[in-house]
Amino acid sequence: ERCRRARGAMAQAAEAAGAMSEAANSMAAGSCSSASASSASSAAPGAGQASKKDLARGESLVSRAGTALQRAASVQMQRASSLPDDDTDLRHAASMPGLMDVDADRPFCCGLWKTQQLVGIILAVVLAVVFLSVRVIKSYNKADAMLVVVFVTGCFWLFEVMPIYVTALMPMVLMPLLEITSTQIAASAYWNWVSMLFVGAFLIDVAMEHVQLPRRILINFLLKTGIAWGGSVLAVFMLVAWVLSMVCSDIAITLMLAPFATSLLNTAEEEATLLEGDQGANHAEQGGLASARTTGSFEDGCGPKVREVRKFGAGLMLGIAYASTAGGIATTIGTPANALLSGQALVETQVSFAAWFYFALPISACTAVLAFIALYFGYARGVTLPLSHEVLEGERQNLESEMGKFSMDEMLVGAIQLLLIVLLCVQPLINRVVTNPMGEPLSGSATTACLCAMLLFILPSQVRRGESLLTWRVAQEKLPWGVLLLIGGGFSMSNGFTQSGLDVALGTAVGQVIPKIPPLALHFVIVFGVVVCIQMMNSIATAAWVLPVLASASLSSVTNPMQIMLPAAIACSFSFLLPTASPANAVILGKSRDLTQPLRIRDFARVGLPLTVVAAALGALLSYGLAEAVFQASEPFPIWACNAPSANCVWANVPGNVEGFQVQGQACIVQDDTNDMTCKTWDGRSFNVSQVTQWNPYGPDDASVEPEPAPEPTAGGPAPDGDSGDASP
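Quantities reported herein were computed from a predicted structural model and do not represent experimental measurements.

### Notes on the packing of helix α25 (residues 519-536) against helix α27 (residues 561-571)
At step 1: Where α25 meets α27, the closest approach of the two axes is 8 Å, and the angle between their N-to-C directions is 35°. Considering how the two elements wind past one another, α25 and α27 form a crossing that is right-handed. Contact residues: α25 offers Pro-519, Leu-522, His-523, Ile-526, Val-527, Val-530, Val-531 and Ile-534, while α27 offers Gln-563, Ile-564, Pro-567, Ala-568 and Ala-571.
At step 2: The residue inventory of the contact of α25 with α27, partitioned by class, reads eleven nonpolar, two polar and no charged.

See the structure below:
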């Protein structure tokens, strides 16, 4: 790999040397012609200026080629240079950058394993032996076995022992072998309605990438706003990335926008080098160049303008990554973590596309604005780029040479994407229309997404005659099948939590703490706890084990599940600190190698640390208010959650005061540790299940018949205020 890069760098150096030679010959010829004829003297300065420009660009190419050669021969390489060059490989490296580190030493297993992989395997084996030998959770027989699955899979994820997509298959292998659940139940989780929803959404993403629609949108925006002011360029790039990543994969968006950004930045650096070369020549004529170099104006051979452009380049690349991550918060298809929440049985009837959009859009927008402010004051404030309108025209011509002018294909793909968004927003209305004779909905979000995706293969292409808008060859090459496995692995692990009783065991422990924490403080605790987890593991792995535990905790504490599950899902997207914290960060890190000065880990930490802290605090505050406004999260445990298939709950006709609300009925959680059928309400009272479900608080229809008294608790404290034997509402 190093040799291949060295050959590429040498080729660049040879090309640059040829350009410099031609520039020198042109300058010499221009000088001779100006000496031979007075008519040519007026043209010679223009030729000289063009030759100087070619010479400066040649020097810039040589500089970048030398940097590439230095990286190719160096043992201690920049992190960016250790990622793959090819876009296809970089897609996979976005989720597992450590495993695909092409320059790492691999001293174990015939050159296959790095030291961290060996550590991960040893740690996984030790933890498996410990939890299989020592009974940690005694109330559920298979809970310890599920802990083995969690810790082994977690070690393989954290240390990247195998490709992360293959690691997602471990619940499928381990849960049947450890007698937690059957193969059929474990396998069914890998292909459910959420997976099909993402299949449809991913196919539309592939079509947008195939026709280069985001790149064209970005160029047209910049043509209107200009590229002279660094702040406006940063704002346009981040705005386009933020909007498109709501409905497209953040990996696809960063792969489409990053090459355009690096091209603009390299051109700006070449222009800055040319300007400083002219200024240096004028300064030298005045006898001050040596003084300028002595005082540090041209530190490391670069003037202040070049350093300013390089600094802005780091901010622009980070802006694309951060905006893509922030945009994914806004929709259920924006990130896999949001999809895992919408697939949780306890809340799936309430977390629709439209409801989540109303809840998450303000959080997403505020996060993107925070990222822009941090990057603007850190990298773009007062920056002017030495770029002209002709540079953008050249980029547009390059795009048109590749894809042609704006065509019906791009219009149709954009229309299908818009159709998907509209249909997902009105999905509740569709569900009311498409029902069975009993009134139960038959359609869903997955049906809508697959319908829109099928249009891509039905409508003909106007550019490529005889083909559809999207061909299967392109779809199977670019569809992120591994992400579908990750989502399936998350759901399979959630099923394992339920089947083994581990969710109840952990949820009971967490549920004992929840009532003691005020609701606003609870949001802060959950958000910051999840943020710490996603810095070590990817967001899908974190959501896969956090969400089932919180769902069980809401049942154990009889707390509205929206109160604790919404902030956890939001927090899975506050991943700005490390290059490996999100796929967008890893892609941008790899693409930054096309710059003279690639991104480093400290570039992410410099802005990412304060941004993560502030975004998490603001996100916790906003999620608290918006959860109440959209989902009424502060109300008592709702009847729709009690009726969920996974909820071990009955709706008790017991009036009382629950969390400050006077109610006529409330959730009563069935106790698994008792032989008789009893359930527990929010205030800790226990009731007989048959009594609380059959008693009518409004009394009999016949007014002459005396109403039955309210059920008496079998255990617990006194009845709350307002709970009397009077059966009248």
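Alright, that's what it looks like, and here's the rest.
### Observations regarding the confidence of the model for the chain
The predicted coordinates should not be examined in detail at positions where pLDDT is low.
At step 1: The share of residues in the chain with pLDDT of 70 or more is 76%, and the mean pLDDT across the chain is 78.
At step 2: Per-residue pLDDT stays below 50 along residues 718-729; that stretch engages in 25 contacts with residues further than four places along the chain or on separate chains.

### Here's the deal with the nonpolar core
At step 1: Grouped together as the largest cluster of nonpolar side chains are 185 residues, with contacts concentrated most on Phe-237, Tyr-322, Phe-359 and Phe-574.
At step 2: Ignoring sequence-local partners within four residues, the contact set of Phe-237 consists of Leu-218, Leu-222, Leu-257, Phe-260, Ala-261, Leu-264, Leu-316 and Ile-320.
At step 3: Val-654, Val-670, Cys-679 and Val-689 belong to the second-largest nonpolar core, a separate cluster that totals eight residues.

### Looking at the sheet that holds strand β4 (residues 666-670)
At step 1: Read across the sheet, four strands follow the order β1-β4-β5-β6 without closing on themselves; strand pairing throughout is antiparallel. Either end of the sheet is taken by a strand with one partner, and the two such strands are β1 (649-652) and β6 (686-688). Each strand axis lies, on average, 40° off the axis of its neighbour in the sheet, ignoring direction.
At step 2: Two elements, β4 and strand β5 (residues 678-680), share two bridges in a ladder whose sense is antiparallel. Residue pairing for β5: Val-670 is matched across the bridge by Cys-679.

### A short note on the state of the cysteines
At step 1: Taken as a whole, this structure holds two disulfides when the rule is applied.
At step 2: Between the sulfur atoms of Cys-642 and its disulfide partner Cys-649 the distance amounts to 2.0 Å. Linking Cys-642 and Cys-649, the disulfide has an S-S dihedral of approximately -95° and is accordingly described as left-handed.
At step 3: Look at Cys-649 and you get buried, because its relative accessible area is 12%.
At step 4: Residue Cys-668 pairs covalently with Cys-679 via a disulfide, S to S 2.0 Å. Measuring handedness by torsion sign, the sulfur bridge of Cys-668 and Cys-679 sits at about 95° and is right-handed. Here Cys-668 is found in strand β4, whereas its partner Cys-679 is found in strand β5, with eleven residues between them in sequence.
At step 5: Of the residues examined, Cys-668 reaches a relative accessible area of 0% and is grouped as buried.
At step 6: Of the residues examined, Cys-679 reaches a relative accessible area of 0% and is grouped as buried.

### Focus: the pairing of β4
The two faces of a sheet get side chains in turn, since along a regular strand they alternate between them.
At step 1: Counted residue by residue, β4 has five buried out of five residues, so it is predominantly covered.
At step 2: Relative to β4, β1 runs antiparallel, the two being bridged by four bridges. Each residue of the ladder has a partner; that of Cys-649, found in β4, is Ile-669.

### Description of the environment of Lys-478
At step 1: Structurally, Lys-478 can be placed in helix α22 (residues 472-478).
At step 2: As for Lys-478 and Ala-207, which are separated by 271 residues in sequence, their C-alpha atoms are 9.6 Å apart.

### Topic: the packing of aromatic side chains
At step 1: Applying the stated criterion across every chain yields a total of ten aromatic pairs.
At step 2: Measuring from ring centre to ring centre gives 5.2 Å for Tyr-322 and Phe-576, while their planes differ by 80°; the resulting arrangement is edge-to-face. Of this pair, Tyr-322 sits in helix α15 (residues 304-327) while Phe-576 sits in the loop between α27 and α28 (583-591), placing them 254 residues apart in sequence.
At step 3: The buried category is assigned to Phe-576, whose relative accessible area is 0%.
At step 4: Of the aromatic side chains, those joined through ring pairs into one cluster are Trp-229, Phe-372, Tyr-376 and Phe-377.
At step 5: Directly above the ring of Tyr-379 sits Arg-606, whose terminal nitrogen or CZ lies 5.0 Å from the centroid.

### Brief notes about a nonpolar patch on the surface
At step 1: On the surface, Ile-122, Val-126, Val-130, Val-134 and Val-136 cluster together into a nonpolar patch covering about 410 Å² of accessible area.
At step 2: Inspection of the secondary structure assignment puts Val-126 in helix α5 (residues 115-133).

### Looking at helix α17 (residues 353-380)
At step 1: In this model α17 runs just 35 Å from its N-terminal to its C-terminal C-alpha over 28 residues, more than 12% under the 40 Å that 1.5 Å per residue would give.
At step 2: Remark: the principal bend of α17, roughly 40°, maps to Ala-360, with a proline, Pro-362, within the next four residues.
At step 3: Two residues or fewer past α17, Gly-382 is found with a positive phi of approximately 75°.

### So, the packing of helix α6 (residues 143-158) against helix α23 (residues 481-500)
At step 1: In the contact formed by α6 and α23, the axes pass within 9 Å of each other and the chain directions differ by 160°. Judged on the interaxial angle alone, α23 and α6 are roughly antiparallel. Read as a crossing pair, α6 and α23 show a hand that is left-handed. Contacts between α6 and α23 involve Ala-143, Met-146, Val-150, Thr-153 and Trp-157 from the former and Leu-486, Met-493, Gly-496, Phe-497 and Ser-500 from the latter.
At step 2: In terms of residue class, the contact of α6 with α23 is built from seven nonpolar, three polar and no charged.

### Observations concerning unusual backbone geometry
At step 1: If you check the backbone angles, Val-558 has positive phi at about 50° while not being a glycine.
At step 2: You can see Val-558 is positioned in the loop between α26 (539-556) and α27.
At step 3: Take Val-558: its relative accessible area is 3%, and that puts it in the buried class.
At step 4: One non-glycine residue, Gln-632, lies in the positive phi region at around 50°.
At step 5: With respect to the element layout, Gln-632 can be found in the loop between α29 (601-631) and α30 (639-642).

### A few points about the environment of Arg-135
At step 1: Tracing the backbone shows Arg-135 in the loop between α5 and α6.
At step 2: What makes Arg-135 partly exposed here is its relative accessible area of 40%.
At step 3: In this structure Arg-135 touches Tyr-140, Asn-141 and Asp-144, once residues within four positions along its chain are discounted.
At step 4: Within polar-contact distance, the side chain of Arg-135 engages the backbone oxygen of Ile-137 at 3.3 Å.

### Description of α28
At step 1: Judged by how many residues are buried, α28 sits mostly within the fold: eight of nine residues are covered.
At step 2: Turning to α28, its buried residues are Ala-584, Asn-585, Ala-586, Val-587, Ile-588, Leu-589, Gly-590 and Lys-591.

### Some points on the pattern of salt bridges
At step 1: Going through the model one piece at a time under the given rule, you end up with eleven salt bridges.
At step 2: Taking the shortest distance from any N to any O, the salt bridge between Arg-216 and Glu-410 comes out at 2.4 Å. Of this pair, Arg-216 sits in helix α11 (residues 213-225) while Glu-410 sits in helix α19 (residues 408-425), and the two are 194 residues apart along the sequence. With respect to burial, Arg-216 and Glu-410 carry one shared label: buried.
At step 3: The shortest N-O distance in the salt bridge between Glu-269 and Arg-310 comes to 2.9 Å. Here Glu-269, found in helix α13 (residues 250-285), pairs with Arg-310, found in helix α15; they are 41 residues apart in sequence, far enough to count as distant. Each member of the pair, Glu-269 as well as Arg-310, is classed as buried.
At step 4: Ionic contacts of the salt-bridge type, sharing partners, join the residues Asp-409, Arg-464 and Glu-467 into one network.

What counts, and where the lines are drawn
- Residues numbered from 1 in each chain as written.
- Predicted model: local features only at pLDDT ≥ 70, side-chain atom pairs only at ≥ 80, totals over all residues.
- Heavy atoms only, no water.
- Axes fitted to C-alpha atoms, helices over the stretch in contact; angles between N-to-C directions.
- Helix = DSSP H or I, 4+ residues; strand = E, 2+ residues; numbered from the N terminus.
- Left-handed = near helix turned anticlockwise from the far one by under 90°.
- Contact = heavy atoms within 4.5 Å.
- Nonpolar A, V, L, I, M, F, W, Y, C, P; charged D, E, K, R; others polar.
- pLDDT = per-residue confidence, 0-100.
- Core = buried A, V, L, I, M, F, W, Y, C linked by side-chain atoms within 4.5 Å.
- Buried < 20%, exposed > 50% of the residue type's maximum accessible area, 1.4 Å probe, protein only.
- Pairing = 2+ DSSP bridges.
- Disulfide = S-S within 2.5 Å.
- Phe/Tyr/Trp six-rings, centres within 6.5 Å; stacked < 30°, edge-to-face > 60°.
- Lys NZ or Arg CZ within 6 Å of the ring centre and 35° of its normal.
- Patch = residues over 30% accessible without salt bridge, like charges linked within 9 Å, V, L, I, M, F, W, Y side chains within 5 Å.
- Areas by Shrake-Rupley, 256 points an atom, 1.4 Å probe, with all protein chains shown as cover.
- Salt bridge = Lys/Arg side-chain N within 4 Å of Asp/Glu carboxyl O.
- Expected span 1.5 Å × (residues − 1).
- Bend = angle between axes of the 7 residues up to and from the residue.
- Parallel < 35°, antiparallel > 145°, perpendicular 65-115°, else oblique.
- Polar contact = N/O pair within 3.5 Å; in protein donor to acceptor, adjacent residues only side chain to side chain.

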